[in-house]
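Read off the chains here:
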Amino acid sequence: MTPVSSRPAQHPVLRMYALGLLLLLAALFIGRPAHAQLRVDISGTGATQYPVAIADFAVDDAHGRALAEIIRADLNRTGQFRLINAAGAGLNVDSPVAYDDWRGKGADFLAYGSIQRGADGRYDVRYRLADTVKKGQLDGVAFSGTEQELRRVAHQIADRIYEKITGVRGVFSTRIAYVLKLGSTYELQVADADGQNPQVALRSREPIISPAWSPDGSRLAYVSFESGKPVVYIRTLSSTARVPIANYKGNNSAPAWSPDGSMLAVALTRDGLSQIYVLNADGSNLRRITRSPGIDTEPAFTPDGRSIVFTSDRSGGPQIYQVGLDGGEPRRLTFNGGYNISPRISPDGSTLLYVARRDGAFRIASLNLSSGSESLLTDGRDDQSPSFAPNGMQVLYAAIQGGRSVLAGVSSDGRVRQTLSVLNGEIREPTWGPFTR
């Protein structure tokens, strides 16, 4: 969990976080007037932009246009594509492609297809991706789904287009999770990666914090205060089943899954100050990892599962350290500035993501672990809770804009920024889910 937006200027906030979570929550979630619509704002472009045309899918109703619009929106949010106007293309999946004509319009790639409703009420979607430079088909596939599943199909097509053109796996059909405060109610919500189609996984009158996805995307670990103190639970998303897996004396907080899903790291105060522990996903075999006279919290596993990065004030101010699962002396990773918290490692293990205080503002920073070079990805006054997309190309975080807490995203190089505002409450602690297939 990232400390609250009204952070004190000095590092004792870390000690307050570990020892007084319940008191902090009053400041963490403050209700605001409710709104209903979702707004997406995008700024900046990628270093490379691929010119692509997305034609409406041939169909007798509005589904073909809606399908294409979702694909266009997915690609546009990345800042890596320049969308070429394909209005009135009149293509279906069997149409011959006039490669030179589309090339003349500036499109290196053309996506098109057809959608038909069968007698059973299901929709058959067939798509093609043409390379106008090489004058050939680059991709083609068929999908089947209900009307309610067409949005998912559109995201899957966008994933294929993204991967075929960039060589990197797309994340449009993945999901995100976050906590939404609505009046006196807390909701753990799961939504599509574009912030649309939100579903309530858990609703409570007591605070919910620190959601964390299991590696297979089937479960969420989180912290609930329903028993009067923070307890770590695991909830299975396909059912209402949940189990407490860390309910020790004192505070139980900041769950983080191991890459293979067999363990979780947590921050516990059972032996005094907050320290890092690991335990099996069924709650057994608790082991203490760190032993320091300071506060150790916010653990996250490295992609190889052999070590943990975490936040600690053992050096006098909150900094980020790394320690092996066998314990031992942690290695300090951050040295720039006196306040660096909320670590996350990129899927390829090359980059450390964290919240850095610079010139009085809290911004999302990334550190190249090989070169030691730091980059500030955001320019807000209070940006929190960074989370890598599973392909490492984008970062999800919470930002304060116009006095409201909103979902925001930035490309991993900081060039493209977007705001996904679910304008019906206060959003905290977004986390990007894994690839699921």
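Residues numbered from 1 in each chain as written. Predicted model: local features only at pLDDT ≥ 70, side-chain atom pairs only at ≥ 80, totals over all residues. Heavy atoms only, no water.

A.B. asks: Please explain the side chain of Gln275 as it appears in this structure.
C.D. replies: The topology assignment puts Gln275 in strand β16 (residues 275-280). At a separation of 3.3 Å, a polar atom in the side chain of Gln275 contacts the side chain of Arg288. Excluding residues within four positions of it along the chain, Gln275 makes contact with Val266, Ala267, Leu268, Arg288, Thr290, Arg291, Ser292, Gly294 and Asp296. (Helix = DSSP H or I, 4+ residues; strand = E, 2+ residues; numbered from the N terminus. Polar contact = N/O pair within 3.5 Å; in protein donor to acceptor, adjacent residues only side chain to side chain. Contact = heavy atoms within 4.5 Å.)

A.B. asks: So what exactly am I meant to see when it comes to the sheet that holds strand β13 (residues 242-246) here?
C.D. replies: Ordered by their spatial adjacency, four strands build an open sheet running β10-β11-β12-β13, and the pairing between neighbours is antiparallel. Unpaired on one side and paired on the other, β10 (208-213) and β13 mark the two borders of the sheet. Strand after strand, the sheet turns through a mean of 30° between neighbouring axes, direction not considered. Pairing between strand β12 (residues 231-236) and β13: four bridges, direction antiparallel. Looking across to β13, one finds that Tyr233 is bridged to Pro244. (Pairing = 2+ DSSP bridges. Axes fitted to C-alpha atoms, helices over the stretch in contact; angles between N-to-C directions.)

A.B. asks: What exactly am I supposed to notice about the sheet that holds strand β3 (residues 81-84) here?
C.D. replies: Read from one edge to the other, the open sheet built from five strands follows the order β3-β2-β4-β5-β6, with strand pairing classed as mixed. The sheet is open, and its two borders are formed by β3 and β6 (136-145), each paired with just one other strand. Along the sheet, successive strands turn relative to each other by an average axial angle of 25°, direction set aside. Pairing between strand β4 (residues 109-117) and strand β5 (residues 123-131): nine bridges, direction antiparallel. Among the inter-strand pairings, Ile115 is bridged to a residue of β5, identified as Val125. Sitting on the sheet, helix α3 (residues 63-78) is in contact with β2 (50-54), β3, β4 and β5, with an inclination near 165° to β2.

A.B. asks: How do you make sense of α3 when you look at a structure like this?
C.D. replies: One turn of the α-helix equals 3.6 residues, which is why residues spaced by three or four share an orientation. Its 16 residues give α3 an end-to-end C-alpha distance of 24 Å, which sits within 8% of 22 Å, the value for a rise of 1.5 Å per residue. Considered for burial, the residues of α3 that qualify are His63, Gly64, Leu67, Ala68, Ile70, Ile71, Arg72, Asp74, Leu75, Arg77 and Thr78. Backbone geometry just downstream of α3 places Gly79 in the positive-phi region, at approximately 75°. (Expected span 1.5 Å × (residues − 1). Buried < 20%, exposed > 50% of the residue type's maximum accessible area, 1.4 Å probe, protein only.)

A.B. asks: In this structure, what is going on with the pattern of salt bridges? I would like to understand it.
C.D. replies: Two side chains that carry opposite charge are able to pair once their charged atoms sit near each other. A full pass over the atoms with the stated rule returns 18 salt bridges. Residues Asp139 and Arg160 are paired through a salt bridge, measuring 2.8 Å at the closest nitrogen-oxygen approach. With Asp139 in strand β6 and Arg160 in helix α5 (residues 150-166), this residue pair connects regions lying 21 residues apart in the sequence. With a relative accessible area of 5%, Asp139 lands in the buried category. Where Glu374 meets Arg358, a salt bridge forms, and the shortest distance between an N and an O atom there is 2.8 Å. Of this pair, Glu374 sits in strand β25 (residues 374-376) while Arg358 sits in strand β23 (residues 351-358), and the two are 16 residues apart along the sequence. Judged by its relative accessible area of 12%, Arg358 is buried. (Salt bridge = Lys/Arg side-chain N within 4 Å of Asp/Glu carboxyl O.)

A.B. asks: Honestly, the confidence of the model for the protein in this entry has me stumped. Any pointers?
C.D. replies: One rule of thumb: low pLDDT means the predicted coordinates there are not for detailed reading. Per-residue pLDDT for the protein averages 89, and the proportion of residues at 70 or more is 88%. Predicted confidence for residues 1-38 stays below pLDDT 50, and this span has 105 contacts to residues more than four positions away or in other chains. (pLDDT = per-residue confidence, 0-100.)

A.B. asks: What should I look at first to understand the pairing of strand β22 (residues 340-345) in this one?
C.D. replies: Each regular strand carries side chains that alternate between the two faces of the sheet. In terms of burial, β22 is a largely internal element, five of the six residues being buried. Where β22 and β23 come together, four bridges link them in antiparallel fashion. Considered in β23, the bridge of Arg344 is made with Leu353. Where β22 hands over to β23, the hairpin turn is made up of five residues, of which Gly349 adopts a positive phi near 75°.

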